[in-house]
Number of protein chains: 4
Amino acid sequence: MSTIRFRSDMGVELIDAMGGDHSIVSAARVSSGSAAGDPAKDRGLINFLARDRHGSPFEAVVVQFKIEVPVFVAREWFRHRVGSFNEVSGRYTILEPVFYEPTEDRPLKQVGKPGAYTFEPGTVTQGRQTRIAHRQVAETAWTAYEDQLALGIAREVARNVLPLSLYTSFYWTVNARSLMNFLSLRRVTEATTVPTFPLYEIDQAAGQIEELARTVALEAFAAFDKHGRVAP
Amino acid sequence: MSTIRFRSDMGVELIDAMGGDHSIVSAARVSSGSAAGDPAKDRGLINFLARDRHGSPFEAVVVQFKIEVPVFVAREWFRHRVGSFNEVSGRYTILEPVFYEPTEDRPLKQVGKPGAYTFEPGTVTQGRQTRIAHRQVAETAWTAYEDQLALGIAREVARNVLPLSLYTSFYWTVNARSLMNFLSLRRVTEATTVPTFPLYEIDQAAGQIEELARTVALEAFAAFDKHGRVAP
Amino acid sequence: MSTIRFRSDMGVELIDAMGGDHSIVSAARVSSGSAAGDPAKDRGLINFLARDRHGSPFEAVVVQFKIEVPVFVAREWFRHRVGSFNEVSGRYTILEPVFYEPTEDRPLKQVGKPGAYTFEPGTVTQGRQTRIAHRQVAETAWTAYEDQLALGIAREVARNVLPLSLYTSFYWTVNARSLMNFLSLRRVTEATTVPTFPLYEIDQAAGQIEELARTVALEAFAAFDKHGRVAP
Amino acid sequence: MSTIRFRSDMGVELIDAMGGDHSIVSAARVSSGSAAGDPAKDRGLINFLARDRHGSPFEAVVVQFKIEVPVFVAREWFRHRVGSFNEVSGRYTILEPVFYEPTEDRPLKQVGKPGAYTFEPGTVTQGRQTRIAHRQVAETAWTAYEDQLALGIAREVARNVLPLSLYTSFYWTVNARSLMNFLSLRRVTEATTVPTFPLYEIDQAAGQIEELARTVALEAFAAFDKHGRVAP
């Protein structure tokens, strides 16, 4: 029997990238017909594009990530329709026994009413009990999964018993404009000016995504911050 | 404690629709500038559009469904990016204890190698064991879910222990062209001529979807069948 | 020879619609699991959705228009990728000799530098000269088009000489969320709070679009205005 | 006054690219969980994906082109919604006087009825007359454009008189799957098995696009040909 492993972190790896700030500038300058400028002018142009909602030049930058997150995080991620996904298949492969459990930092109490929830840290008891719940269900489910496989049950049937805390992995190919929309909804920073209520775990993943994407198009993400993290 | 319920069927309800065969004809005739024809000519036009891959007129028909399926089916569904989804939220609501279990008709044996699997009926023992596994995990997980809620753990944390067999529900708004693409990938019929390997349960749901959509645009789906179920 | 006709208005006709405010409410309530409310509560919900950028429920409303605008307007329109188009084809049909000319209200002077243009009324002479230019080129081009057709030249070749001022017509099927994005970019009103620099003629068409769409989902467009015409 | 220039070729330049056959293989193998294979196995995998309509891995390859084509070609191009465009703006820039004229190779006669047109070469007279028509209208229109600018008329008004034969330029960023869909509709080759009726000029441009894209993902396009040029 495979050994179950628990983790709480979100796995994000930058696999490939196309273009950068210069691509945004080139794409924008085809519209205006102006020649390529010096770095200061290019920064000014990118700022102008972000401020005035000329979003399409930001689509000239494309990044590809490999992501490892629990299914409950992946389900939110796949709601973003502008971009490409390739995910591990529970129909064709034997899955890996890796499951999520909340850390002590994960806020556990939901306070307030729908539409205006806030979250607060849980007590020590709440933390222990929810980790026990996550671990016990994962172990029970994994055993049931392996038992079914041992009986010759198809993978696509056996996997139904696995919980949403199961880690999955996928490739995500996305342009910088769609990525900024993702970040504007799935991450809160000090620069955020728009209503944003991300799930704790997707916020963590989005933070890593952003740090990596920023290396690809530094000025673009600086402009995104400067204009309140409204996607252009 | 809520009483757990098990079901195996896929819930599909037609909520609303816009247009029909006449809309496809009108959208196509704006291109050709020809006047509206008699029913026989309209049928001929729809057939011509489907055969020659003039797909955009089929986007003039829009249907909206309410769907109730297990999460493992919903996950495949949400891969279809041309269309709109609104799904019950495990962050904001207390979920319902409804879970999937396979029926006796559900093929349980996966035969062959990746890319060329076929499925065969399971033995009586296999059927019984997989149903027991589905039921036991669902019960364990549901108890763990309710226990966490009783302790004041946030819904969005407690729900992580629930299995992929949990039923979810969502609205799906989709045009007839995107729907035909969905059907060409997610359903096999006698008219299918393209390689298609749907999951058993999504095939069942797709069958109901198609039956309902057919009432909205009879000739369009007849043409879809006639041309081998290739999406136009 | 066909008689050339000049017009300056934008033609917008509502052909069909699916859903309304109630569809937005239903789509949102599937997420929250709450029961349908009274009208005041529904208005409150729609406002909350618009304010907090819960955009997907607005996709449950779909409208279809027939549009008649010059090619230079249609070219901007077709940049909007979420929606469906069926346009008259210059390859398959003999086009109609209907061309745009600016009215006296159309601002003719472009003042300032790129990225910060403003427009001012033209002088009487400028108005007369630009109308003469529009008319003379249209007449020359139309004659050349008809002459080529008379010589047996294919429609798809002959039409190349026609100017961007030629009227075209198309069906547009679009959901309310994508429509609000269109309106936020293509129309300025007193409620506009975001940077928006629409072409004069598309702003005129967008005004008519909005007036018609508003009859389909009154509260949704009221919320759109209330929150500064930021698309949800 | 600027000197008018006429051209008949389509300008296609590969600006940037991300990934290649190896990216398709990696994206597919995340689904199946299998390790990277040798070149022969990778070719086999790509063929299998193309044959069995597993299209999403082909989205892991992205290419960016700079395109120079007449407006009547660009208008067809911009109907393809999965991809990104940045085009020269007639609102913000003074356009260049470059216009299309048909070569002697361009078929000029449209034979048959709608939906089943074929094209045949024109006579010498037809060729001469259509070239004269293209040239005369372009010259008349360009003079009218410059005269309006000289009078201080806004660029966005003056440009309305320019014909569809005017060359425009744009950046196009597109993934290999969407590109194959474009090619399946806009280009005919000996390998084509699906109904395809491209405009002569877009077919020429698509041929150049394909030659360049092929260098980025050789096996992918070989598989596309092998399976009849049906987009996966």
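All of the points below concern the structure found in this document.

So, how was this worked out
- Residues numbered from 1 in each chain as written.
- Chains lettered and ligands numbered in written order.
- Predicted model: local features only at pLDDT ≥ 70, side-chain atom pairs only at ≥ 80, totals over all residues.
- Heavy atoms only, no water.
- Least-squares fit on C-alpha atoms with pLDDT ≥ 70 in both.
- Contact = heavy atoms within 4.5 Å.
- Buried area = accessible area lost by both parts, 1.4 Å probe.
- Salt bridge = Lys/Arg side-chain N within 4 Å of Asp/Glu carboxyl O.
- Polar contact = N/O pair within 3.5 Å; in protein donor to acceptor, adjacent residues only side chain to side chain.
- Helix = DSSP H or I, 4+ residues; strand = E, 2+ residues; numbered from the N terminus.
- Nonpolar A, V, L, I, M, F, W, Y, C, P; charged D, E, K, R; others polar.
- Phe/Tyr/Trp six-rings, centres within 6.5 Å; stacked < 30°, edge-to-face > 60°.
- Buried < 20%, exposed > 50% of the residue type's maximum accessible area, 1.4 Å probe, protein only.
- Core = buried A, V, L, I, M, F, W, Y, C linked by side-chain atoms within 4.5 Å.
- Pairing = 2+ DSSP bridges.
- Axes fitted to C-alpha atoms, helices over the stretch in contact; angles between N-to-C directions.
- Arc of directions from axis to C-beta.

On to the relation of the copies chain D and chain C, then. With an RMSD of 0.0 Å, the operation that places chain D on chain C is a rotation of 180° combined with a shift of 0.0 Å along the axis. Taken together, the rotation and translation relating the two chain copies correspond to the operation of a two-fold axis. Ranked by how close their C-alpha atoms come to the rotation axis, the residues of chain D are headed by Pro163(D), at 1.9 Å. Most of the interface of chain D is mirrored in chain C, where 100% of its interface residues again form contacts.

In this section: the relation of the copies chain B and chain A. Taken as rigid bodies, chain B and chain A are interconverted by a rotation of 180° and an axial shift of 0.0 Å, the fit giving an RMSD of 0.0 Å. Here 100% of the interface residues in chain B have copies in chain A that are interface residues too; the copies meet face to matching face.

Every contact between the two is made by 53 residues of chain D and, on the other side, 53 residues of chain C. Across the interface of chain D and chain C, roughly 4,500 Å² is buried in total on both sides, 55% from carbon and sulfur atoms. For the pair chain D and chain C, the number of links is 4 salt bridges. Put simply, Glu156(C) and Arg106(D) hold a salt bridge, and the shortest N to O gap is 2.8 Å. Viewed at the interface, chain C and chain D are joined by 32 residue pairs in polar contact (both at pLDDT 80 or more). Elements represented by at least two residues in the side of chain D that touches chain C include exactly α3 (71-77), β4 (84-87), β6 (109-111), α4 (124-150) and α5 (155-158) of chain D. Class assignment of the residues belonging to the side of chain D that touches chain C gives a composition of 28 nonpolar, 14 polar and 11 charged.

On to the packing of aromatic side chains. Enumeration according to the criterion identifies 60 aromatic pairs over all chains in this entry. Ring geometry for Trp77(A) against Trp172(A): centres 5.4 Å apart, planes inclined by 85°, an arrangement best described as edge-to-face. Placement of Trp77(A) in helix α3 (residues 71-77) and of Trp172(A) in strand β8 (residues 167-175) is noted, with a sequence separation of 95 residues between them. You'll find Trp77(A) and Trp172(A) in the same group, each marked buried. For the ring pair Phe99(C) and Trp142(C), a centre distance of 6.2 Å and an interplane angle of 75° mean the geometry is edge-to-face. Residue Phe99(C) is found in strand β5 (residues 98-100), and its partner Trp142(C) is found in helix α4 (residues 124-150); the two are separated by 43 residues along the sequence. Judged on exposure class, the residue Phe99(C) and its partner Trp142(C) are both buried. Chaining the aromatic ring pairs together yields one cluster made of Phe65(A), Trp77(A), Phe78(A), Phe85(A), Phe170(A), Trp172(A) and Phe182(A).

Within soluble globular proteins, side chains that are nonpolar generally end up buried alongside one another. Among the nonpolar cores identified, the biggest contains 130 residues, and Trp77(A), Trp172(A), Leu179(A), Trp77(B), Trp172(B) and Leu179(B) are the most heavily contacted of them. Beyond its immediate stretch of four places on either side in the chain, Trp77(A) contacts Ile67(A), Val69(A), Phe85(A), Phe170(A), Trp172(A), Phe182(A), Ile202(A), Ala205(A) and Ile209(A). In this structure, Leu164(C), Leu183(C), Ala220(C) and Tyr100(D) belong to the second largest nonpolar core, which totals 126 residues.

Time to look at the sheet that holds strand β3 (residues 62-70) of chain B. Strands pair in a sheet through their backbones, by hydrogen bonds, and they do so in one of two ways: parallel or antiparallel. Residues and elements named next belong to chain B. On the basis of which strands lie adjacent, the open sheet formed by 4 strands has the order β2-β3-β8-β4 and antiparallel pairing. Each of the sheet's edge strands pairs with one partner strand only, and the pair in question is β2 (11-18) and β4 (84-87). In this sheet, neighbouring strand axes are inclined to one another by 20° on average, regardless of whether the strands run parallel or antiparallel. With 7 bridges joining them, β2 and β3 adopt antiparallel strand pairing. Considered in β3, the bridge of Glu13 is made with Lys66.

This part takes up the interface of chain B and chain A. Facing the 53 residues of chain B at the interface are 53 residues of chain A. Buried surface at the junction of chain B and chain A, both sides included, amounts to about 4,500 Å², of which 55% is carbon and sulfur. Applying the counting criterion to the chain B and chain A interface returns 4 salt bridges. There are 33 residue pairs in polar contact (both at pLDDT 80 or more) connecting chain B and chain A. Those elements giving two or more residues to the side of chain B that touches chain A turn out to be α3 (71-77), β4, β6 (109-111), α4 (124-150) and α5 (155-158) of chain B. Among the elements that take part in the side of chain B that touches chain A, α4(B) stands out by supplying 10 residues, more than any other. The residue makeup of the side of chain B that touches chain A, split by class, is 28 nonpolar, 14 polar and 11 charged.

For Arg229(C), which is not glycine, the phi dihedral falls at a positive 65°. Within the secondary structure layout, Arg229(C) lies in the segment after α8 (218-226). In the Ramachandran plot, Arg53(D) falls in the positive-phi region, its phi being about 60° despite a non-glycine side chain. Within the element layout of this structure, Arg53(D) appears in the loop between α2 (39-51) and β3 (62-70). The class for Arg53(D) is buried, based on a relative accessible area of 18%.

As summarised here, the arrangement of the 4 strands in space is β2-β3-β8-β4 (chain C), forming an open sheet in which the pairing is antiparallel. This sheet does not close on itself; its edge strands, each paired only once, are β2 (11-18) and β4 (84-87) of chain C. Taken over all neighbouring pairs, the strand axes of this sheet differ in orientation by 20° on average, direction set aside. Against the sheet, helix α1 (residues 21-32) of chain B engages β3 (62-70), β4 and β8 (167-175) of chain C, with an angle of about 45° to β4(C).

Residue and element names in this part refer to chain A. Among all positions in helix α8 (residues 218-226), only Ala220, Phe221, Ala223 and Phe224 are buried. Across the axial projection of α8, the buried residues extend over an arc of 155°, all falling on one side. The exposed residues of α8 that point more than 90 degrees off its buried face are Leu218 and Lys226. Each element contacted by the buried residues of α8 is listed here: α1 (21-32), α2 (39-51), α6 (176-186) and α7 (200-216). Gly228 sits one or two residues past α8 and shows a positive phi near 80°.

So yeah, pure geometry; function would need other evidence.
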